[in-house]
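Reading the structure
Read off the chains here:
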Amino acid sequence: MSADRQVSLADLSRQIGQEIGVSDWVAITQERIDAFADVTDDHQFIHVDPERAAGETPFGGTIAHGFLTLSLLTSLGAEVLPRLVGRAMGINYGLERVRFISPVRVGQRVRGRFRLVDVDERKAGQILVRYGVSVEIEDEEKPALAAEWLALSVMKESQL
């Protein structure tokens, strides 16, 4: 499914319980991890010091911040989640049940798998969509994380 694909509210509602899409793989490089560390001021050695992380952790090297992996949901979802017809804008409404399950080692690739959990017509012009999401690690049995992601679609006035 392409993120360019638009779907009606009725059609989206019929997909509750179904997988909506799986993104392409994204490489987790040391450069990406270092940039995230700089933005968040989280320079813990397990993320930014490959030699020390190799010698002092069970990971064999550096790992991505859990919040880095979580932050990728925006770009991973943009690849595969449809837009509601008549949507003026989408707002990240939050996350529930976030669990960091497995570390993502530098050099690994991740992708997002999205399942539609619920569609809730809130007050006029607002549609709350709940996705079950997992960020999978290539060639690993367990995902990096699992969560429920809430997205609020604000509809154009002409669509009310």
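Overview of the structure. The model shown is predicted, which means the values in this text are computed figures rather than measured ones. (Residues numbered from 1 in each chain as written. Predicted model: local features only at pLDDT ≥ 70, side-chain atom pairs only at ≥ 80, totals over all residues. Heavy atoms only, no water.)

Turning our attention to the side chain of His47. Within the secondary structure layout, His47 lies in helix 3 (residues 45–48). Given a relative accessible area of 5%, His47 falls into the buried group. In contact with His47, other than residues within four places in its own chain, are Gln30, Ile33, Asp34, Asp42, Thr62, Ile63, Ala64 and His65. (Helix = DSSP H or I, 4+ residues; strand = E, 2+ residues; numbered from the N terminus. Buried < 20%, exposed > 50% of the residue type's maximum accessible area, 1.4 Å probe, protein only. Contact = heavy atoms within 4.5 Å.)

Looking now at the pattern of salt bridges. One pass over the full model with this rule turns up nine salt bridges. The residue Arg52 makes a salt bridge to Glu56 at a minimum N-O spacing of 3.1 Å. Within this pair, Arg52 and its partner Glu56 are both found in helix 4 (residues 50–56), separated by four residues, close to a single helical turn. With its nearest N and O atoms 2.7 Å apart, the salt bridge here joins Arg111 to Glu136. On the criterion of sequence distance, the pair formed by Arg111 in strand 6 (residues 109–121) and Glu136 in strand 7 (residues 126–137) is long-range, its members being 25 residues apart. (Salt bridge = Lys/Arg side-chain N within 4 Å of Asp/Glu carboxyl O.)

Here the focus is the environment of Ile137. Considering the arrangement of structural elements, one finds Ile137 in strand 7. In this structure, the C-alpha to C-alpha distance between Ile137 and Phe100, residues 37 residues apart in sequence, is 12 Å. Discounting residues that sit within four places of it in the chain, Ile137 has contacts with Trp25, Ser102, Pro103, Val104, Gln108, Arg109, Val110, Lys142, Pro143 and Ala144.

That's the geometry; what it means functionally is another story.
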